[in-house]
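Single-letter residue listing:
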Amino acid sequence: MTFLDYLQTQNRCLNWRAREGYPPTERLLALVPAAKRGAWAVELGACRGMASARLAAKGYRVLGLELFYQLVREAVPGPRIGYVVADMHDAPCRDGGAVIVFADNVLEHAHDIRGILVEVARVLAPGGCLYGAIPLVARVWSECHLWSVNTPEELVALFQAIAPTLRLRTLELVEADEPQCLFVLENAA
């Protein structure tokens, strides 16, 4: 698959991402604590900024990364939110600059999950957390998912093999239109 093919495939998925009121997204946002003064959060695959706005409402200064320019143009504005057209594989963030990385239904779109997790570990401050959700089985919209896991245990094993400094804090299964695995990984570096 060429990069252009990849972009066209992902573009077909845009209307599905970041649905307001989607139970797994709501649960994942509920897991994120209120921010300490000046804390930064980075949202991977910010889409139209729905989660970025909710993170800002919790007190975070938010940088939303989105691959598609048209979504950045449509993103929810806010004084504590900035958006950048960027590939999550190469986040334009300083080392250790974020206490939260939020990745809701976006990691399964990564063409290099190993590279993404290394990048997340680089961006997270020590003790910072990755809050994420992925579908366990790509039954719907599977052309958009570049990799998948079938069980929560398989997901945990993948994370431990790739990024041993990211330690599991929370793992939940949420039933939705497709089963979602919600997780919180803490940067133990």
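Let me begin by describing the structure that accompanies this report. None of the values given here were measured: they were computed from a predicted structure.

## A closer look at the overall build of the protein
- Counting secondary structure elements, the protein contains 6 helices and 7 strands.
- When its helices and strands are written in sequence order, the protein yields α-α-β-α-β-α-β-β-α-β-α-β-β.
- A total of 189 residues make up the protein; the buried ones form 50% of that total.
- Sequence separation of 24 or more characterises 65% of the internal contacts of the protein that already satisfy a separation of 6 or more.
- Per element, the accessible surface of the protein, about 8600 Å² overall, is 54% carbon and sulfur.

## Regarding the pairing of strand S3 (residues 81-85)
- Across 5 bridges, the pairing between strand S2 (residues 61-66) and S3 is parallel. Residue pairing for S3: Glu66 is matched across the bridge by Val85.
- For the crossover from S2 across helix H4 (residues 69-74) to S3, the handedness is right-handed.

## Some thoughts on the environment of Asp90
- With respect to the element layout, Asp90 can be found in the loop between S3 and strand S4 (98-104).
- Accessibility expressed as a relative area gives 59% for Asp90, which makes it exposed.
- Asp90 sits 30 residues away from Val120 along the chain, and the two C-alpha atoms are 9.7 Å apart.

## Comments concerning the nonpolar core
- In terms of nonpolar packing, the biggest core is built from 33 residues, with Leu44 and Leu130 touching the most fellow members.
- Those elements that provide at least two residues to this core are strand S1 (40-44), S2, S4, helix H5 (113-123), strand S5 (124-135), helix H6 (152-162) and strand S7 (180-187).
- What Leu44 contacts, discounting residues up to four positions off in sequence, is Leu65, Met88, Val101, Phe102, Ala103, Val106, Leu107 and Val120.

## Looking at the side chain of Asn187
- Inspection of the secondary structure puts Asn187 in strand S7.
- In this structure Asn187 comes out as buried when scored by relative accessible area, which is 3%.
- Among the polar contacts made by the side chain of Asn187, one reaches the main-chain carbonyl oxygen of Ala121 at a distance of 3.4 Å.
- Beyond its immediate sequence surroundings of up to four residues, Asn187 is in contact with Ala121, Leu124, Ala125, Pro126, Gly127, Gly128, Thr165 and Leu166.

## Notes on the pattern of salt bridges
- Scanning the entire structure with this criterion turns up 6 salt bridges.
- Between Glu172 and Arg27 there is a salt bridge, and its shortest N-O distance comes to 2.7 Å. Taken together, the residues span a long stretch of sequence, with Glu172 in strand S6 (residues 166-174) and Arg27 in helix H2 (residues 23-31) at a distance of 145 residues.
- The partner of Asp95 in a salt bridge is Arg122, with the nearest N and O atoms 2.6 Å apart. On the criterion of sequence distance, the pair formed by Asp95 in the loop between S3 and S4 and Arg122 in helix H5 is long-range, its members being 27 residues apart.
- Taking the relative accessible area as the measure of exposure, Arg122 reaches 26% and is therefore partly exposed.
- Here the salt bridges do not stand alone but share partners, grouping Asp95, Glu119 and Arg122 into one network.

Procedures and definitions
- Residue numbers here run from 1 along each chain, matching the order of that chain's written sequence.
- Local features in this predicted model are restricted to residues of pLDDT 70 or higher, and side-chain atom pairs are both shown and tallied only at a pLDDT of 80 or more, whereas totals for entire chains, interfaces and linings draw on every residue.
- Think of the side-chain values as coming from all heavy atoms in the structure, minus any hydrogens and water.
- The helix and strand labels rest on DSSP assignments: H or I over at least four residues marks a helix, E over at least two residues marks a strand, and numbering proceeds from the N terminus.
- In this scheme, a residue with accessible area under 20% of its type's maximum is buried, one over 50% is exposed, and one in between is partly exposed, where area comes from a 1.4 Å probe on protein chains only.
- We call two residues in contact whenever any of their non-hydrogen atoms come within 4.5 Å of each other.
- Using a 1.4 Å probe, the Shrake-Rupley method yields the accessible areas, and only the shown protein chains count as cover for residues.
- Paired strands are those between which DSSP finds at least two bridges.
- Look down the strands so they point away from you; if the path from the first strand over the helix to the second goes clockwise, the crossover is right-handed.
- Take the buried Ala, Val, Leu, Ile, Met, Phe, Trp, Tyr and Cys residues and link them wherever side-chain atoms come within 4.5 Å; each set so joined is a nonpolar core.
- Pairing of N or O atoms within 3.5 Å defines a polar contact, subject to two protein rules: one partner must be a possible hydrogen donor and the other a possible acceptor, and residues neighboring in sequence count only if both atoms are side-chain atoms.
- Here, a salt bridge means any Lys or Arg side-chain nitrogen found within 4 Å of an Asp or Glu carboxyl oxygen.

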